[in-house]
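# Structural overview
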Amino acid sequence: ALLNVSADGTVLIFSGGVEMGQGLLTKVTQVAAKTLGVPIDKIVIGDTNTHTIPNFGGTGGSVGSGTNAEAVRLACEELKARLSPVKDKLIADNDGKVPSWETLVSTANRAAINLSVTGYFAAPGTSGVHEGVG
């Protein structure tokens, strides 16, 4: 998964999964919103494209939703770790008040903190790559 966060707080997510009625995009959106602590309307899902997310293991076999959601969760956790020092400083500078997501992200952006993160997850027992391919 690839997450790009804009200075206005919008989170653009690209995943390798294909939505085909299994709720993959809904799950990915919900996981990102919950992990980051932002409203769902801040999450935007980009189109699936192998130029953006190469080498994804596939969507079939009842694992696509789970693997994509976990990849997004891992990327969100990485982003939170990057933002943590900025958040801590904002809290300290504002008498313990927790900053809004928008304030946190815009402050990090002005501090030249990379707001683009990736996450990768393969289901246990798989390599993430189809057997016999390539």
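These notes cover the structure that comes with them. Since we're looking at a predicted model, the values are computed, not measured. (Residues numbered from 1 in each chain as written. Predicted model: local features only at pLDDT ≥ 70, side-chain atom pairs only at ≥ 80, totals over all residues. Heavy atoms only, no water.)

### Some details on the overall build of the protein
When its secondary structure is counted, the protein shows three helices and four strands. Ordering the α and β elements of the protein from the N terminus gives β-β-α-β-α-α-β. Across the 134 residues in the protein, those meeting the buried criterion constitute 39%. Of the contacts formed within the protein by residues at least 6 apart in sequence, a portion of 69% connects residues at least 24 apart. (Helix = DSSP H or I, 4+ residues; strand = E, 2+ residues; numbered from the N terminus. Buried < 20%, exposed > 50% of the residue type's maximum accessible area, 1.4 Å probe, protein only. Contact = heavy atoms within 4.5 Å.)

### Quick notes on the side chain of Thr 35
With respect to the helices, strands and loops of the structure, Thr 35 is situated in helix 1 (residues 24–36). Residue Thr 35 is classed as buried on the basis of its relative accessible area of 14%. With near-sequence residues (within four places) excluded, Thr 35 lies in contact with Arg 73, Cys 76, Glu 77 and Lys 80.

### Thoughts on the sheet that holds strand 4 (residues 116–118)
Backbone-to-backbone hydrogen bonds pair the strands of a sheet. The strands run either parallel or antiparallel. As summarised here, the arrangement of the four strands in space is 3-2-1-4, forming an open sheet in which the pairing is mixed. The two strands at the open ends of the sheet, each matched to only one other strand, are strand 3 (43–45) and strand 4. Averaged over all neighbouring strand pairs, the angle between strand axes comes to 20 degrees, with direction disregarded. For strand 2 (residues 11–14) and strand 3, the ladder comprises three bridges, and the chain directions are parallel. Paired with Val 11 across the two strands is Ile 43, which belongs to strand 3. Sitting on the sheet, helix 1 touches strand 2 and strand 3, and the angle it makes with strand 3 is about 150 degrees. (Pairing = 2+ DSSP bridges. Axes fitted to C-alpha atoms, helices over the stretch in contact; angles between N-to-C directions.)

### A few points about the environment of Glu 70
Relative to the elements of secondary structure, Glu 70 occurs in helix 2 (residues 64–93). A sequence separation of 39 residues divides Glu 70 from Val 31, and the C-alpha atoms of the two residues are 8.1 Å apart. A polar contact of 2.7 Å, which involves the side chain of Glu 70, links it to the side chain of Arg 73. (Polar contact = N/O pair within 3.5 Å; in protein donor to acceptor, adjacent residues only side chain to side chain.)

### What about the packing of helix 1 against helix 2?
Two elements in contact, helix 1 and helix 2, have axes separated by 9 Å at closest approach and are oriented at 25 degrees. If you check the angle between helix 1 and helix 2, you find them roughly parallel. With respect to the hand of their crossing, helix 1 and helix 2 are arranged in right-handed fashion. Residues Leu 24, Lys 27, Val 28, Val 31, Ala 32, Thr 35 and Leu 36 of helix 1 form the contact with helix 2, whose participating residues are Gly 64, Ser 65, Asn 68, Ala 69, Val 72, Arg 73, Cys 76, Glu 77, Leu 79 and Lys 80. Residues belonging to the contact of helix 1 with helix 2 are distributed by class as follows: nine nonpolar, four polar and four charged. (Parallel < 35°, antiparallel > 145°, perpendicular 65-115°, else oblique. Left-handed = near helix turned anticlockwise from the far one by under 90°. Nonpolar A, V, L, I, M, F, W, Y, C, P; charged D, E, K, R; others polar.)

### So, unusual backbone geometry
Positive phi values are uncommon outside glycine, yet Asp 95 reaches one of about 55 degrees. You can see Asp 95 is positioned in the loop between helix 2 and helix 3 (101–110). Judged by relative accessible area, Asp 95 falls into the exposed class, the value being 80%. Non-glycine residue Ala 112 carries a positive phi angle of around 65 degrees. By secondary structure assignment, the location of Ala 112 is in the loop between helix 3 and strand 4. The class of Ala 112 is exposed, set by a relative accessible area of 70%.

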